[in-house]
Amino acid sequence: MNKKLRKAVIAGNWKMNKTRPEAFDLIEAIKPLAANADCEVVVCVPFTNLETAVNAVKGTNIRVGAQNCHFEKSGAFTGEISADMLAELGVEYVVLGHSERRQYFAETDETVNKRLKAALAAGLKPIVCVGELLWERECGITDEVLGKQCKLDFYGISADDMRKTVIAYEPVWAIGTGKTATAEQAEEACAYIRSVIAKLFGKDVADAVTVQYGGSMNAKNAAELLSKENVDGGLIGGASLKAPDFGEIIKAANG
Ligand code: PGA
């Protein structure tokens, strides 16, 4: 990453894992590993663990994120959680548009865009996931897919809000598969995303915006991925559930 322009954001995406006592223990184990980090360290935990996590990280440099929010402020949306509810809890980040949400819960770019606006209005820092399917990469349309997602997901937000938004480049074929994009593939895609942001919001915003890589990032491959100019951190699933591995990734970001 370019440390002169941006600070790395290392975010764990715990997905549907950990009970409250387990979450507490994992955060306790991460605390000393994150204490001297010069990157931003975030744990995106299940809704049921948010309050535990917010209390556990008090007085530390670890931030807490949720894994989704609804786009309406309140109302008849059984099973949903609003951005305001998260903000009131002390949550700072929220993951939006993760490919698992798009794949299994029928989320679209349109609803990701609405969720993004709701999250920003509530003062949350969104982490918006974009990424191509394997066959889209094989067909040679990775750039088109990423460009379309960025145009739709970030439609109608201000340049200021774009600066506050973290983008996670997550090639769908690399998520939870053990198949990581090569550092070159990650760099190419993250640089392309930045060029789209430059066209939409101007070069200053593009230079400032954080573009993470996500997809089987781990203790072994993190340093190489994070050494790339346009890779500003990681959204980490599996490896964020083991404190020593997550700690190694934080170390790699401090580099
Ligand atoms: P993974 O997940 O690190 O387990 O591949 C990344 C993500 O889905 O955010």
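Just so you know, these numbers come straight off a predicted model, no measurement behind them.

A. Structural context of the site of the ligand. Taken together, 13 residues surround the ligand, and among them Lys15, His98, Glu170, Gly176 and Ser216 come closest. Within the side chain of Asn13, an N or O atom sits 3.4 Å from an oxygen atom of the ligand. A distance of 2.6 Å is found between an oxygen atom of the ligand and a side-chain nitrogen or oxygen belonging to His98.

B. View of the packing of helix α1 (residues 20-34) against helix α12 (residues 243-254). Look at α1 against α12: their axes get within 9 Å of each other, and the N-to-C directions meet at 30 degrees. Taken as axis vectors, α1 and α12 run roughly parallel relative to one another. Note that α1 runs across α12; the crossing there is right-handed. Of α12, the residues touching α1 (which contributes Leu26, Ala29, Ile30, Leu33 and Ala34) are Ala243, Pro244, Phe246, Gly247 and Ile250.

C. Broad picture of the pattern of salt bridges. The final tally for this structure, using the stated rule, is 19 salt bridges. A salt bridge links Lys125 to Glu40, with the nearest nitrogen and oxygen atoms 4.0 Å apart. Here Lys125, found in strand β5 (residues 125-130), pairs with Glu40, found in strand β2 (residues 40-44); they are 85 residues apart in sequence, far enough to count as distant. Since its relative accessible area comes to 31%, Lys125 is described here as partly exposed. Each member of the salt-bridge network shares a partner with another, and the members are Lys7, Glu40, Arg63, Glu92 and Lys125.

D. Geometry of the sheet that holds strand β3 (residues 62-66). Strand order in the closed barrel formed by 8 strands is β1-β2-β3-β4-β5-β6-β7-β8, and the pairing between neighbours is parallel. Here the strands of the sheet are splayed against their neighbours by 25 degrees on average, with no regard to which way each runs. Relative to β5, strand β4 (residues 93-96) runs parallel, the two being bridged by 4 bridges. Bridge pairing links Tyr93 to Lys125 in β5.

Conventions adopted
Residues numbered from 1 in each chain as written. Predicted model: local features only at pLDDT ≥ 70, side-chain atom pairs only at ≥ 80, totals over all residues. Heavy atoms only, no water. Near = heavy atom within 4 Å. Polar contact = N/O pair within 3.5 Å; in protein donor to acceptor, adjacent residues only side chain to side chain. Axes fitted to C-alpha atoms, helices over the stretch in contact; angles between N-to-C directions. Helix = DSSP H or I, 4+ residues; strand = E, 2+ residues; numbered from the N terminus. Parallel < 35°, antiparallel > 145°, perpendicular 65-115°, else oblique. Left-handed = near helix turned anticlockwise from the far one by under 90°. Contact = heavy atoms within 4.5 Å. Salt bridge = Lys/Arg side-chain N within 4 Å of Asp/Glu carboxyl O. Buried < 20%, exposed > 50% of the residue type's maximum accessible area, 1.4 Å probe, protein only. Pairing = 2+ DSSP bridges.

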